[in-house]
Amino acid sequence: MDNKIILKAEDLDGYLTSEDMADLKNLEVMFKDTMKYFDPVNEEKIIEGYDKLGHEMQKICAKHPAIKVYSFVTEEGAHAECSRVISKLRDVRTDHQEFMYYSQRAYEMLFRMAYTDQHSDKKGHMIVKTPVNFPVQNYAVHKIPDIDHKIENTAICVMLRGALLPSMIMSKEIQEYSSHDYKTPFALFKISRNDTKNEADMEYIMDLNKSFFNLEDLDGKDLIFADPMNATGGSLVTVVKYLQSQGVKPKSIAFFNTISTLKGSIRVTRALENCTCYTLWMDPVMNEKAYIMPGLGDAGDRLNGCDTKDAPRNMIQLIADYGHNISGLYKSQLYEIEKIVLG
């Protein structure tokens, strides 16, 4: 039986104010001016154009406290690492394995920005048993921030196949920082954009028959969504509005993106109560097909490889494709995913 939910783009634009629209229009004009120097390439003018765009986006984001951009809110010494990670993810020459490696670095940086950069002086202790056992068994002590109150009410929501690995990374970071070895519950939502549509009339379709979740695991929780790309914000709003219609009342929503558009970030923080967007890098605009520009291509394909049209992979098949090394690294997370999918 067909059981699908559809959200349309115009539902999202209703959350934008006239000031938002003016800010976004200004960025679009600035980006189009910069594009004039893409062919033929004029490096000096391209650098100048992006520098102006960055300053303008920082100024706009200052008006939106629920939007946290790594290079806007962290200390300047960390910005070089951010630029290097994003440049590797963008680069057309970055292959599959390298893309996975830099994706992991990106989400570790995002976790640090959201949970450990701003914390109290209270510390937790990790007592580690080492392989050295002569003349006696050796132990080491390491201090970490005490952030149990921030992380031990969380649940991970996976929306798109490109979000599977980032979601597992975030869940493992939570487990590693938890003094109680907290393992997040998972919810898996089959959602896609209608790519026959343009940005102005885009539709977002959630297939409930191919989604796996327990509503009671999500009610009252701090919901975490880790999607590499936030273009329109439509996927997140579709999922959360559906959950709310089913009686789920999230305590908070955190949206973690490697790259986000300003428009997508504003939409979701306006549409969803107590929602914060954490993004490693802000891109200025989308094209007519709602793809981020300059963007980095299809993050799902670059993380997981391309599906064939006739045989798209499910979550369990994707996990198998990650291979033994990933499966071993995220074994606790995979066990939680298997429980929700396989019952």
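From a predicted model like this one, the values you see are computed outputs, not experimental measurements. Each chain carries its own residue numbering, running from 1 in the direction its sequence is written. Residues qualify for local features only when their pLDDT is at least 70, as the model is predicted, and side-chain atom pairs are given and counted only at 80 or more; totals for whole chains, interfaces and linings, by contrast, use all residues. Each side-chain value is derived from all of the structure's non-hydrogen atoms; neither hydrogens nor water enter the calculation.

Asker: Describe the overall build of the chain, naming the residues involved and giving the relevant values.
Answerer: Helix and strand counts for the chain come out as 15 helices and 13 strands. Both definitions apply: the radius of gyration is a C-alpha atom measure, and the globule rule equals 2.2 Å times residues to the power 0.38. Rg of the C-alpha trace for the chain: 21 Å, near the compact-globule value of 20 Å for 343 residues, within the 12% margin. By principal-axis analysis of the C-alpha atoms, the chain measures approximately 70 × 55 × 40 Å. Going through the 343 residues of the chain one by one, you find that 50% of them count as buried. Restricting the contact set of the chain to residue pairs at least 6 apart, pairs at least 24 apart contribute 72%. Methods summary: accessible areas were calculated by the Shrake-Rupley approach with a probe of 1.4 Å, and residue burial reflects only the protein chains presented. By element, 51% of the accessible surface of the chain is carried by carbon and sulfur atoms, the whole surface being about 17300 Å². Runs of E in the DSSP output that reach at least two residues are strands. Runs of H or I that reach at least four are helices, and both are numbered from the N terminus. Type-normalised accessible area, obtained with a 1.4 Å probe on protein chains alone, sets the label of each residue: buried when under 20%, exposed when over 50%, and partly exposed for intermediate values. Every residue pair with non-hydrogen atoms within 4.5 Å of one another is taken to be in contact.

Asker: How would you explain the environment of Val285 if you had to name every residue and give the values?
Answerer: Its place among the elements puts Val285 in strand β12 (residues 285–286). With relative accessibility at 9%, the residue Val285 sits in the buried group. Sequence separation of Val285 and Thr261 is 24 residues, and the distance between their C-alpha atoms is 6.1 Å. If near-sequence neighbours (up to four positions away) are discounted, Val285 is found in contact with Leu27, Glu28, Phe31, Thr261, Tyr291, Ile292 and Met293.

Asker: Break down the pattern of salt bridges for me, with residues and values.
Answerer: The salt bridge definition used is simple: a Lys or Arg side-chain nitrogen within 4 Å of an Asp or Glu carboxyl oxygen. Summed over the entire model, instances satisfying the criterion amount to 18 salt bridges. Of the charged contacts in the structure, one is a salt bridge between Lys32 and Glu28, with a shortest N-O distance of 3.3 Å. A residue pair is termed a helical-turn pair when its members lie 3 or 4 positions apart in one helix, as Lys32 and Glu28 do in helix α2 (residues 18–35) at four residues. Across the pair Glu336 and Lys339 runs a salt bridge whose closest N-O atoms are separated by 3.4 Å. Of this pair, Glu336 and Lys339 both sit in helix α15 (residues 331–342), three residues apart, roughly one helical turn. Looking at Glu336, the relative accessible area reads 14%, which means it is buried. Judged by relative accessible area, Lys339 falls into the partly exposed class, the value being 40%. Within the structure, one salt-bridge network assembled from shared partners comprises Asp13, Lys263 and Arg267.

Asker: Give a detailed account of the layout of surface pockets, specifying residues and quantitative values.
Answerer: Think of a 1 Å grid over the protein atoms and nothing else: a 1.4 Å probe that fits but is trapped marks a cavity, an open set flanked by protein within 12 Å on at least five of seven lines marks a pocket, and residues with an atom within 4 Å of a point count as lining. Grid points are joined across faces, edges and corners, and a volume is the space filled by probe spheres set on the points. Reported here for the largest pocket is a volume of approximately 1400 Å³. In terms of lining, the largest pocket is formed by 49 residues, of which the most central are Leu160, Arg161, Ile191, Ser192 and Arg193. Those elements giving two or more residues to the lining of the largest pocket turn out to be β6 (186–193), β7 (203–212), β9 (229–230), α10 (234–245), α12 (299–304) and α13 (315–322). In terms of residue count, β6 provides more of the lining of the largest pocket than any other element does, six residues in total. Any residue outside Ala, Val, Leu, Ile, Met, Phe, Trp, Tyr, Cys, Pro, Asp, Glu, Lys and Arg is labelled polar, Gly included; the first ten of those are nonpolar and the last four are charged. Of the residues contributing to the lining of the largest pocket, the split by class is 23 nonpolar, 13 polar and 13 charged.

Asker: Run through the packing of aromatic side chains, naming residues and quoting values.
Answerer: Here a pair means two rings of Phe, Tyr or Trp (six-membered ring of Trp) with centres within 6.5 Å. Their orientation is stacked below 30 degrees between planes, edge-to-face above 60, and tilted elsewhere. For the coordinates displayed, the defined rule picks out nine aromatic pairs. Ring centres of Phe213 and Tyr242 lie 6.1 Å apart, and the angle between their planes is 75°; this geometry places the pair in the edge-to-face category. Here Phe213, found in the loop between β7 and α9 (215–218), pairs with Tyr242, found in helix α10; they are 29 residues apart in sequence, far enough to count as distant. Residue Tyr242 is classed as buried on the basis of its relative accessible area of 13%. Linked through ring pairs, Phe111, Tyr115, Tyr177, Phe256 and Tyr278 together constitute an aromatic cluster.

Asker: Tell me about unusual backbone geometry, residues and numbers included.
Answerer: If a residue is not glycine, its phi is most likely negative; likewise, a peptide bond is most likely trans. Note the cis peptide between Asp39 and Pro40, where omega equals 0°. Mapped onto the secondary structure, Pro40 falls in the loop between α2 and α3 (43–61). For the bond from Met293 to Pro294, the omega torsion is 5°, close enough to zero to count as cis. By the element assignment, Pro294 lies in the loop between β13 (292–293) and α12. For Asp181, which is not glycine, the phi torsion reads 55° and is therefore positive. On the secondary structure map, Asp181 appears in the loop between α8 (164–177) and β6. The exposure class of Asp181 is partly exposed, given its relative accessible area of 38%.

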